[in-house]
Amino acid sequence: MVEKQRAKDHADDHFSSSKSDDIRFLTVNIQSPDSAGAAAAAAGKDRSRSARQLSWIYLLKLNRIAHSLALVTNGFITLIRTANRRIGTSSDRPRSESKFYKIIKFFLILSVCLLFFELVAYFRGWHFSPPTLEAGVEDSVEYIYAKWLEIRANYLAPLLQCLANVCIVLFLIQSVDRFVLVLGCFYVKIRGLKPVAEMEYQQDAEYESMNPDDYPMVLVQIPMCNEREVYMQSIAAVCIQDWPRERMLIQILDDSDDADVQFLIRAEVQKWQQRGVHIIYRHRLIRTGYKAGNLRSAMSCDYVKDYEFVAIFDADFQPAPDFLKSTIPYFKGKEDLALVQTRWAFVNKEENLLTRLQNINLAFHFEVEQQVNGWFINFFGFNGTAGVWRIKALEECGGWLDRTTVEDMDIAVRAHLCGWKFIYLNDVMVSLAKKANLIFLFFLLRKLILPFYSFTLFCIILPLTMFLPEAQLPFWVVCYIPGIVSILNILPCPQSFPFIVPYLLFENTMSVTKFNAMISGLFQLGSSYEWIVTKKLGRSSEADLVAIVENESSPLLEGGVPKSSSESGLAELNKLEITKKSGRKKGNRLYRKELGLSFILLTASVRSLLSAQGIHFYFLLFQGITFLVVGLDLIGEQVS
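Residues numbered from 1 in each chain as written. Predicted model: local features only at pLDDT ≥ 70, side-chain atom pairs only at ≥ 80, totals over all residues. Heavy atoms only, no water.

1. Quick word on the overall build of the protein chain
Here comes step 1: For the protein chain, the count of helices and strands is 19 helices and seven strands.
Here comes step 2: Within the protein chain, the proportion of its 640 residues that are buried is 44%.
Here comes step 3: In the protein chain, the share of contacts with a sequence separation of at least 24, taken over all contacts with a separation of at least 6, comes to 78%.
Here comes step 4: Surface summary for the protein chain: the accessible area is close to 34,800 Å², and the carbon and sulfur share equals 61%. (Helix = DSSP H or I, 4+ residues; strand = E, 2+ residues; numbered from the N terminus. Buried < 20%, exposed > 50% of the residue type's maximum accessible area, 1.4 Å probe, protein only. Contact = heavy atoms within 4.5 Å. Areas by Shrake-Rupley, 256 points an atom, 1.4 Å probe, with all protein chains shown as cover.)

2. Description of helix H6 (residues 259-273)
Here comes step 1: End to end, H6 covers 21 Å across 15 residues, agreeing with the expected 21 Å (1.5 Å per residue, within 8%).
Here comes step 2: Val-261, Gln-262, Leu-264, Ile-265, Ala-267, Glu-268, Val-269, Lys-271 and Trp-272 are the residues of H6 that are buried. (Expected span 1.5 Å × (residues − 1).)

3. As for the nonpolar core
Here comes step 1: Ranked by internal contacts, the top residues of the largest apolar core, which has 72 residues, are Ile-235, Ile-250, Ile-252, Ile-265, Ile-279 and Trp-389.
Here comes step 2: Take this core: its biggest share by element is six residues, from helix H5 (residues 231-239).
Here comes step 3: Ignoring any residue separated from it by four or fewer positions in sequence, one finds Ile-250 in contact with Val-220, Val-238, Cys-239, Val-277, His-278, Ile-279 and Ile-280.
Here comes step 4: Listed in part, the 47 residues of the second largest apolar core include Ile-460, Ile-461, Val-485 and Leu-601. (Core = buried A, V, L, I, M, F, W, Y, C linked by side-chain atoms within 4.5 Å.)

4. Some points on a nonpolar patch on the surface
Here comes step 1: Side chains of Val-176, Phe-179, Val-180, Leu-183, Phe-186, Ile-190, Ile-487, Leu-491 and Phe-497 sit close together on the surface and give an oily, nonpolar patch of about 830 Å² of accessible area.
Here comes step 2: The biggest single contributor to the nonpolar patch is helix H4 (residues 141-191), with six residues.
Here comes step 3: As for its placement among the helices and strands, Ile-487 is situated in helix H14 (residues 480-490). (Patch = residues over 30% accessible without salt bridge, like charges linked within 9 Å, V, L, I, M, F, W, Y side chains within 5 Å. Salt bridge = Lys/Arg side-chain N within 4 Å of Asp/Glu carboxyl O.)

5. Considerations on the pattern of salt bridges
Here comes step 1: For the coordinates displayed, the defined rule picks out 18 salt bridges.
Here comes step 2: A salt bridge links Arg-390 to Glu-308, with the nearest nitrogen and oxygen atoms 3.4 Å apart. Taken together, the residues Arg-390 in strand E6 (residues 387-390) and Glu-308 in the loop between helix H7 (290-299) and strand E4 (309-312) connect sequence positions 82 residues apart.
Here comes step 3: Asp-336 is the partner of Lys-421 in a salt bridge, and the nearest nitrogen-oxygen pair spans 2.9 Å. Taken together, the residues span a long stretch of sequence, with Lys-421 in strand E7 (residues 421-423) and Asp-336 in the loop between helix H8 (323-327) and strand E5 (337-341) at a distance of 85 residues.
Here comes step 4: Taking the relative accessible area as the measure of exposure, Asp-336 reaches 31% and is therefore partly exposed.

6. Digging into the sheet that holds strand E2 (residues 248-254)
Here comes step 1: Taken in spatial order, the seven strands of this open sheet run E3-E2-E1-E4-E6-E5-E7, and their pairing is mixed. Of all the strands in the sheet, the pair left with one neighbour each is strand E3 (279-283) and E7. Shown here is a sheet whose adjacent strand axes are inclined to one another by a mean of 20°, direction ignored.
Here comes step 2: Judged from the five bridges that link them, E2 and E3 form a sheet pairing that is parallel. Looking at the pairing, Asp-254 lines up with His-283 of E3.
Here comes step 3: Set on the sheet, H5 makes contact with strand E1 (218-224), E2 and E3; between it and E1 the angle comes to about 175°.
Here comes step 4: Across the face of the sheet, H7 comes into contact with E1, E2 and E3 while running at roughly 145° to E1. (Pairing = 2+ DSSP bridges. Axes fitted to C-alpha atoms, helices over the stretch in contact; angles between N-to-C directions.)

7. Focus on the packing of H14 against helix H15 (residues 500-522)
Here comes step 1: One can describe the packing of H14 onto H15 by two numbers: an axis separation of 10 Å at closest approach and a directional angle of 105°. Classified by the angle between their axes, H14 and H15 sit roughly perpendicular to one another. The segment H14 lies against H15, with Pro-482, Gly-483, Ser-486, Ile-487, Asn-489 and Ile-490 engaging Ile-500, Tyr-503 and Leu-504.
Here comes step 2: Of the residues belonging to the contact of H14 with H15, the class tally is six nonpolar, three polar and no charged. (Parallel < 35°, antiparallel > 145°, perpendicular 65-115°, else oblique. Nonpolar A, V, L, I, M, F, W, Y, C, P; charged D, E, K, R; others polar.)

8. Regarding unusual backbone geometry
Here comes step 1: One non-glycine residue, Asn-226, lies in the positive phi region at around 55°.
Here comes step 2: Positionally, Asn-226 belongs in the loop between E1 and H5.
Here comes step 3: One non-glycine residue, Tyr-290, lies in positive phi territory at about 55°.
Here comes step 4: Residue position: Tyr-290 is located in helix H7.

9. Quick notes on the environment of Gln-221
Here comes step 1: Within the secondary structure, Gln-221 sits in strand E1.
Here comes step 2: Sequence-distant contacts of Gln-221, that is, excluding residues within four places in its chain, are made with Gln-251, Leu-253, Leu-295, Ala-298, Met-299, Val-310, Ala-311, Ile-312 and Phe-313.
Here comes step 3: In terms of polar contacts, Gln-221 uses its side chain to reach the side chain of Gln-251, at 2.9 Å. (Polar contact = N/O pair within 3.5 Å; in protein donor to acceptor, adjacent residues only side chain to side chain.)

10. Considerations on the UniProt feature "transmembrane region" (unreviewed entry) in the protein chain
Here comes step 1: The UniProt feature table records "transmembrane region" (unreviewed entry) at residues 103-123, 155-173, 448-467 and 615-635.
Here comes step 2: Annotation note: span residues 448-467, helix share 100%, strand share 0%, distance between end C-alpha atoms 28 Å.
Here comes step 3: From the first C-alpha to the last, residues 615-635 spans 25 Å; its make-up is 81% helix and 0% strand. (UniProt positions renumbered as here; feature names shortened; annotations may be inferred.)

And the structure:
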C-alpha cells in the first residue's frame, strides 16, 4: 500500500509539473497582436537608447584621446622649441670628438639602422610569422631578415646575455653592499655610537687666563679660484672663529686669474688685518697642480712648522664660530689621530630639482657611508673641506700631491695606509684585514664596479636587448632592484621621498659622467687632469655673516679700505662691473654624450613598443627623456 501510494503521488507530481510547464508555455507564446507590437516597440526603443549611449561613450573616449594627443604634442613642441633655443644660445666652441663620444655616436647610428630594419619587418608581418631561409630567394629582403634572425640568435645574443649576466651579478653585489651599509647605520644610531673627547672648551671663555697648551696653534687655509660671489662670506666666517687670535693664522690661497677678483680678495684681507686678525694673502702666478698644488705651496712656508693643526675650508664653506672648539678637543691625548672630519650640507638644497637630487646623495654619504665606513671598515675619505688635519700626519704621508685632481681622497688613502687614524663619529683602527677591505669594498666595488655596471647595464645592454630580444634582461633588474636601492639611498633624507623617481633616473644619467671619469683615471687620459671650478652663488647666509661682522666691527685706518663686510665687496664689485667689458654673454652648454645616449634610449623604446614590453618601454622612454633634459642643460641653474 505504501509503495502504491508513493507511485500515485509521483504520478500526480509529474502530471502537475507537465501541466504547469504547458501553462507557462501557453502564457509565453500565445499573445494577442497588440501585445506583440508593444513588445517589439519597447525592444526597438531599448536598442536605440543603447546605440545612443554607446555613441556618447565612444565620443567621450575619442575626446580623451584627442586631449592626450594634444598634451603630448604641445609638450613635444615645447621641448623642440626649448632645444632650438638652447642650441641657438649654446656656448660650446668647436671641440674635437672624444673616443667615448665616438663610441656613443656609433651605437646611435647602429640603433637607428636596426630600428628602421625592424619597422620594415613589423609592417610586413615578419614579427608574427618570421621568414625562413629558402633556396632561390637569397637576394630578397625577406631572406636578409631571416639571415639576421639567425645571426643574432646564434652569435650576438649569447654574447650580450653573458655580459648582461655579469652586470646583473655586479648589480646584486652592490645592492647587497648598500643594504649592509643601511643596516650598519641603524646599528650606529641604535647603539648611540659617538666620538668622545677628553676635554671640552667653554664658550666665550676669557683667553687672558687660558693655558696655552689647551689652545694649540692652528693654521686655517681657504683655497680660492675666481670666487667673486663667495669670498666675503668665507673669509668673514673664519675670521670670527672663537679661538685666541695669537694662536691662529689664516691663509687665503688665491689662484684667481681674474685681476678684479684678486683686488677684491686682497682688499678684504687688508680690512681684517686692520681689525687685528692674523690673516695673510697668497697668490700664485702659475696654477701648477690646481688645488693640491695650491695647498702644497702654502704648506712649504717656513712659519708652518710653528703650527700643529691645519683646518681646510673650501671657498663656499662657512663654518660656525665654534668650529675649532668643536673639533680640536678630539686630538687631545690621541697622538696617532690624523683627521677629524665634520659633516656639512647644502644651504640651497631646495633651490631646484638638481640641488634636491644632489642633497639626497650628500645626506646618504654623510649619514650612512661616512658613519659605517668609519666604524666597521675603519676608513672614510676626506671630503676636501670642513676637516682638521694634524700637520705631522700630512708630512709623514708625503704631503699634497698633484698627480691627481682628487687630492682629498689621495691624501686620505696615503695617511690611512701609513697607520694614522681618522675620526668621523669614532676612532679608527688600521690592520692588514682593513687594508683588504679598503681595496675591495671602497675602491673596487664603489669606485670601479658601480660606475661600470650602472652605465653598461642601463645605457648599453638594456637598449641592445630590445634589438636582440633573444638576450633577456629580467624586469626585476629594471624595476624592483633599482627601486629598492633608491629607497635605501633616500632614507637619510625622508623629506625627499616625492623625488624618488627623478632621483632614480638622475642617478642613471650621472653614470655616464662617473664611467667616463673612471676610464679616464684608470688609463690616465688627458681629461683626468682637467680641473673645472664649480660656480658658487654665495647668497644664502650672507646676511647672518654681515650682521656678525658689523657687531664686531671697529674703526679702520684711512687708506680707502671699506668699513664693513657688506660695503667692502659690493662697492668694489659694482665699480668693477661697470668698467667690465660688455658683450660677453654666457650661453647654455650642450652635453653631447648625454644627448647621444638619449636618442639611443628613445630609439630602443620605440623598438620595445613593437614587442609590447611594458616595463622596458616606460623605463627607456623616461630615462631617454631624462638624458635629453640633462643634455640640453635644462636641469639645475639655467643661463639664458
